[in-house]
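Chain residues, written in single-letter form:
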Amino acid sequence: MSPDTPATMPARLWRALQRWRWPALRLSGRIVLVSLALLLVVQAAVFVVIRHSIDRNAHAQLGAHLSVAARVWQRLLDQRAATLNQGAALLAADDGMREAVGTGDLGTVRSALDNHGARIGARVTALLGTDLAVQAVGQQSDPGIAPALARLAPQLAQRPGSGVVALLAGRPYQFVMVPLRAPALIGWVVMGFPLDQALVNDMHAVSGVHAALVAQPVRGAPLVLVHSLKPPADASPLATHLADGDLALDAQQHLVATSDVASGPEGRITLRLAGPIAAAMAPYRSLQWMLAIITLLGVALFGAGSMWTARHVTQPLRRLVRASERLGRGDDDEPVAQDRRSDEIGELARAFDQMRVNVGAQGAQIRALAYRDRLTGLPNRLQFRDDIQRAIARADPGRDHIAVVMLDLDRFKHVNDVLGHASGDRLLEGVAARLQQMVRDGDVVARLGGDEFALLMHDADTDLAVAVAQRITATFEQPLLLDDHTVNLSAGLGIATWPTHATDADALLSRAEVAMDAAKRHTAGAQVYDPAVDTASALNLSLLSELRHAVGHDELRLFLQPKIAIRDGNVCGAEALVRWQHPTRGLVPPMQFIPFAEQAGFIRHLTLWIFERAAAEQVALALLGVRRVSVNLSTRDLLDVELPAKLDAILRRHRALADGFCLEITERAIMDDPQRAESTLNRLAERGYKLSIDDFGTGYSSLAYLKKLPVHELKIDKRFVMAMEQDAGDAKIVRSTIDLAHNLGLTVVAEGVENAAVLALLHALQCDEGQGHHMSKPLPVDAFCDWVARWQARAPAKPGVAAALRAGAPLLH
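Please read all numbers here as calculations on a predicted model, not as lab measurements.

A closer look at the sheet that holds strand β4 (residues 171-181)
Taken in spatial order, the 5 strands of this open sheet run β2-β1-β5-β4-β3, and their pairing is antiparallel. Two strands close off the open sheet at either side, each with one partner strand: β2 (134-137) and β3 (164-168). Looking at each pair of strands side by side, their axes are set apart by 30 degrees on average, direction ignored. Note that β3 and β4 share 5 bridges and pair antiparallel. Bridge assignment links A166 to a residue of β4, and that residue is Y173. Sheet strands in contact with helix α3 (residues 95-103) are β1 (124-128), β4 and β5 (185-194), and its direction is about 85 degrees off that of β4. Strands in contact with helix α4 (residues 106-120) are β1, β2 and β5; relative to β2, the strand with the most contacts, it is inclined by about 60 degrees.

Laid out in structure tokens, this is it:
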């Protein structure tokens, strides 16, 4: 919950606050703009409707005008036809013409045709016989006209005395044909007049629209014959776009209508009439301008009124906005000014002032929740980080030291699962109380989350931090009583100091956490930060790359350390170990790369490499009497559900047997995820592997749980074995472990046999097997085989280890 959204804020108030969060002046502007926008949308819609109506009416009127123009064109053609018909009839009634036709004097006929045609403006004059064959053509007529006229004659004969428009030799003509009688029909007089530019100009002058004659030949593309557009206007669109409708001509939109004029043997002639749309809409322009002026005046008046109304509403809201800004900055002391209004604005002001009071109260609670742990009351991670930053800022790197001790409880999840979360909470409270008793005045104890705690120690170097960590570990040895249950406490503690390990707060926390994780992995109690186990360091990133290279380039070496049967001294097995023969560093000790490989997750590759090499040597070792080789499994190996299948594949490659291997698992590896570990162990046991609990006595597993696991062997940790001859407590632990294991039907291996006295004690305690430097250190495979041969060669000479010890005979190394 943040201060800006308190739960007690009324819903209507919160919505109003969000709505008026911007400055009031901008809000009033938005109100006006929205109102004006709505008005403009309405006016625009009206304008579009009116414009569409004007456009439709203009087109309708222009279309009607074009129809009238088409009739005017036809009237002009009819008038010309009458004039032509009279002129042709006058020639046909001429006695000289009839006499020349009767006597066959074609020269006289041609002369008469030319003279008469010139008087009436005919370009084509001809005499046709009664069979419509061309008898004579005027000498002024276009050359080659006779064949075309012959094809047109039948059409003329169907309408004698009427004007016929036709395309002749690619040009438009209007023809009339009248009979020549003397008194019987002796021929036909034909006269043709061109439809030229003058005619379409007259048409434009009379009707106000442009006219064009378009020829559509039988063969070829349509073309404009004549038109009334003023040069250099392009009239070709009239021929390329034959459909009626709007068409761009001379950079203006025109409405075009088409009327058929004539059709003949050479093609059709159409009349295309085009009227400018702008001229048709001109009368409406004044109406549109008037509408625009009215709209602008309405918008101005509406805007002024909206602005006045908005300012009247937003003036009190502006004060509320300023109050909200103060509240957003954390200033909740100044009351909100309240107008004496009974409307929604007044109600909002009163509710806002009440919210200010509530936010002030809740702000303090929220700040406490943000920086304190609710369960223990300790500072949380955020507050702890701030405390470290302040401490570093005040400290002198040359002489001051700051230490961070971070701890993570063991088995806390188990307490939660078994006793419940209420008991888990009480456990955390008890741990917090104990930690607060351990620190000095001025030091800080914090709960970082879950079961993690941390201490910030001022003026504390590494030694002091280690001493405090040891006191914490000693304090945790006292069980905690929860109702009727006694809970044993333990934890992994990590220590990092400033400026030795880090130079800032985040790095210091990170280094302490790395050390804590290392402590939990090694069950070491307290661990100081070591860059060697930090996978994030540049050195270890390089080491990981080199380790990957080592696996693929045969830099790893298999070493074996023998195990002997303490009862008779025979070699019964060996533990497989890995060494790294670095090309420049030489033989790298395992502690310099094994812990890092575990933390980085590369340990799986090393495990499979060791198993592969051991499987390859199984037959050779068996011939020497080494029945079983032990291979260590890490936590990551045990949690790998594919591990059994991977081991099976290696066995198949080398034709090795599973019962020739003993797989050693630490208690911690099992307890990290008991269910998955148990599942993997059961699958391995079913395949014939012998299973051993390594470093027994240092982990946290319960005997009841171990009893359920398919293990065959317990391996006592060397820390108990090495000092058992001098430490009675360690000797008791070893004796109890051996008795316990035998009672459970398990064999026992003692690790860390460093001298003959320890070996004699183990023999007396009936320990089954021993392993340590007293017999042999880990050896390369060839050296190990030589050692086994020498050791076994002495077997007949020694009836048992005990006898050898009594005789004081040294063991072979």
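Brief notes about the packing of aromatic side chains
The geometry of an aromatic ring pair is captured by two quantities: the separation of the ring centres and the angle between the planes. If you walk through the whole model with that rule in mind, you get 5 aromatic pairs. Pairing W580 with F593 gives two aromatic rings, centres 5.6 Å apart and planes at 85 degrees, and the pair type is edge-to-face. Remark: F593 occurs in the loop between β20 (586-588) and α16 (594-600) and W580 occurs in strand β19 (residues 571-582); sequence separation between them is 13 residues. Between the aromatic rings of W787 and W791, the centroid separation amounts to 5.1 Å while the plane-to-plane angle is 15 degrees, which identifies the pairing as stacked. Of this pair, W787 and W791 are both found in helix α27 (residues 781-793), 4 residues apart, which corresponds to roughly one turn of the helix. Aromatic rings pair up to connect F611, F661 and Y689 into one cluster. Taking NZ or CZ as reference, R579 lies 5.5 Å from the ring centre of F559, over its face.

Some words on the sheet that holds strand β13 (residues 452-458)
Strand order in this open sheet of 5 strands is β12-β13-β11-β16-β17, and the pairing throughout is mixed. Of all the strands in the sheet, the pair left with one neighbour each is β12 (444-449) and β17 (526-528). Here the average twist between neighbouring strands, direction ignored, is 20 degrees. The pairing of strand β16 (residues 491-498) with β17 spans 3 bridges and is parallel. Bridging across to β17, L493 finds its partner in A526. The strands that helix α10 (residues 381-394) touches are β11 (402-409), β12, β13 and β16; relative to β13, the one it contacts most, it runs at about 20 degrees.

Reading the values: the criteria
- Residues numbered from 1 in each chain as written.
- Predicted model: local features only at pLDDT ≥ 70, side-chain atom pairs only at ≥ 80, totals over all residues.
- Heavy atoms only, no water.
- Pairing = 2+ DSSP bridges.
- Helix = DSSP H or I, 4+ residues; strand = E, 2+ residues; numbered from the N terminus.
- Axes fitted to C-alpha atoms, helices over the stretch in contact; angles between N-to-C directions.
- Contact = heavy atoms within 4.5 Å.
- Phe/Tyr/Trp six-rings, centres within 6.5 Å; stacked < 30°, edge-to-face > 60°.
- Lys NZ or Arg CZ within 6 Å of the ring centre and 35° of its normal.

From the geometry alone we can't say anything about function, so treat these as descriptive.
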